[in-house]
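Architecture and fold: a report
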Amino acid sequence: MKKSLLAVSLLALAGTAAADPFYLDVGTAYGSVNVGNCATCTGNKDEATILYDSSTTIIDVDNNGIDVGDTVITNGGLGVALLPGMSNPHPSSAFGSLDSNLITGFNPSSTSNDYGISPDGSWVVSFGFSNLTGVVSGFNGSVPLLSYGPGTINFYVSEMGGAQQNFMNVNVDFGGPDGLGTAIFGEVDFTGIGAMLSLANTDLRNLFHSATHSCNGKDGFYDIWNECGAGSLGNDIMEIFFDGHFDTNVLLSQFAADAANNGQDGDDRYYVSTNHDGSITFRVPEPGTLAMFGMSLLALGGLSRRRKS
């Protein structure tokens, strides 16, 4: 119970933190009019809106139907597979394709300074995740509410129909119910991602920029991470936090029994493939807030270890 209450407190703490504005610089002025932050930049944005497909399996650990405590495994975003027997919700595109797994726009929106993202295909940002694992933590009417543990979300960018390049990751800390959806929280990370050049020879790892924070005069997400964050040596004073709000509103009636695998290991399984929308924001907490958040995560980890011992 204490662990659950602390997790709820962490969710509330993260959810009430104000988002910081950001902007993007793809390095090329694909639009014909610019009123952004630079000749090849968008203006300041508070959030990005998203579409994505997902396939979720619920493992019924006590074989009495889907209920609280059952294990949840979700794959989503670019390349996710449609599960057997599920209907593709997209009449004109494949499940898991770029058409339905991408950043669709920004708020505040502006057709004059977003420089070709998604609407005309000049450049597009997508994402995907595999085996995000959690539990059914409750119900809102006939909607199962899902909580998740650690995982990774990979972000990709392509220009002019070119290959998708993994330019940034998010290390997921935890996720929990947010109305009828799920809120996911984590930190931006570039570990293992080498330099990659846009068509204009700019480093795509700095596609996203903070509009309010900088490190050594640089405001690109990679530069902040590399010089003042987790990628720096002994100078980990800035973190770029990710807040995702995913519309996971799926009814119990949409889950199908996995007849091929039910009972093979003593547990029944239910699954669903569907599509969603949502939004993502970023924030760079003040040092005091960051310390409080870190101490709360340590406390949650300590409770978990004591329960296992």
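Residues numbered from 1 in each chain as written. Predicted model: local features only at pLDDT ≥ 70, side-chain atom pairs only at ≥ 80, totals over all residues. Heavy atoms only, no water.

**Details of the overall build of the protein**
How we decide: What counts as a helix is a DSSP run of H or I of at least four residues, what counts as a strand is a run of E of at least two, and both are numbered from the N terminus. Burial here depends on accessible area, computed with a 1.4 Å probe over protein chains only, as a share of the maximum for the residue type. Under 20% is buried, over 50% is exposed, and the range in between is partly exposed. Whether two residues are in contact is decided by their heavy atoms: any pair within 4.5 Å suffices. Computed with the Shrake-Rupley method and a 1.4 Å probe, the accessible areas treat only the protein chains shown as cover for residues.
Within the protein, the secondary structure is distributed over three helices and 13 strands. Put simply, the protein has 309 residues, and 49% of those count as buried. When contacts within the protein are restricted to residue pairs at least 6 apart in sequence, long-range pairs at least 24 apart make up 65% of them. In the form shown here, the protein has an accessible surface area of approximately 13600 Å², with 54% of it arising from carbon and sulfur atoms.

**Points about the confidence of the model for the protein**
Rule in force here: The predictor attaches a confidence to each residue, and that confidence, scored 0 to 100, is pLDDT.
Per-residue confidence for the protein averages 84 on the pLDDT scale, and 80% of its residues sit at or above 70. Across residues 303-309 the pLDDT falls below 50, and counting only partners more than four positions away or on other chains, this stretch makes six contacts in the model.

**A few points about the packing of aromatic side chains**
Defined as follows: Pairing of aromatic rings covers Phe, Tyr and the six-membered ring of Trp, with a centre-to-centre limit of 6.5 Å; geometry is then stacked below 30 degrees between planes, edge-to-face above 60, and tilted otherwise.
Scanning the model with the defined rule gives 17 aromatic pairs in all. Measuring from ring centre to ring centre gives 6.1 Å for F167 and F208, while their planes differ by 5°; the resulting arrangement is stacked. With F167 in strand β8 (residues 165-178) and F208 in strand β10 (residues 208-210), this pair connects stretches of sequence that are 41 residues apart. Ring centres of F174 and F185 lie 5.5 Å apart, and the angle between their planes is 40°; on these two criteria the pair is classed as tilted.

**Thoughts on a nonpolar patch on the surface**
Cut-off, in case you're wondering: For patch building, the residue pool is restricted to those with more than 30% relative accessible area and no salt bridge; the joining distance is 9 Å between like charges and 5 Å between nonpolar side chains (Val, Leu, Ile, Met, Phe, Trp, Tyr). We define a salt bridge as a contact between a side-chain nitrogen of Lys or Arg and a carboxyl oxygen of Asp or Glu at a distance within 4 Å.
A cluster of nonpolar side chains, contributed by V68, F139 and L252, occupies part of the molecular surface with about 230 Å² of accessible area. With respect to the helices, strands and loops of the structure, F139 is situated in strand β5 (residues 123-140). The exposure class assigned to F139 is partly exposed, which follows from its relative accessible area of 32%.

**Description of the pairing of β5**
Where we set the bar: When DSSP finds two or more bridges between a pair of strands, those strands are recorded as paired.
The pairing of strand β3 (residues 71-77) with β5 spans six bridges and is classified as antiparallel. Looking across to β5, one finds that I73 is bridged to T133. Here β5 pairs with strand β7 (residues 151-159) via seven bridges, running antiparallel. Opposite F129, over in β7, you have I153 as the bridge partner. Judged from the six bridges that link them, β5 and strand β6 (residues 143-148) form a sheet pairing that is antiparallel. Among the inter-strand pairings, V136 is bridged to a residue of β6, identified as L146. With antiparallel pairing between neighbouring strands as the criterion, β5 and β6 make up a hairpin whose turn holds two residues, including G141 at a positive phi of roughly 65°.

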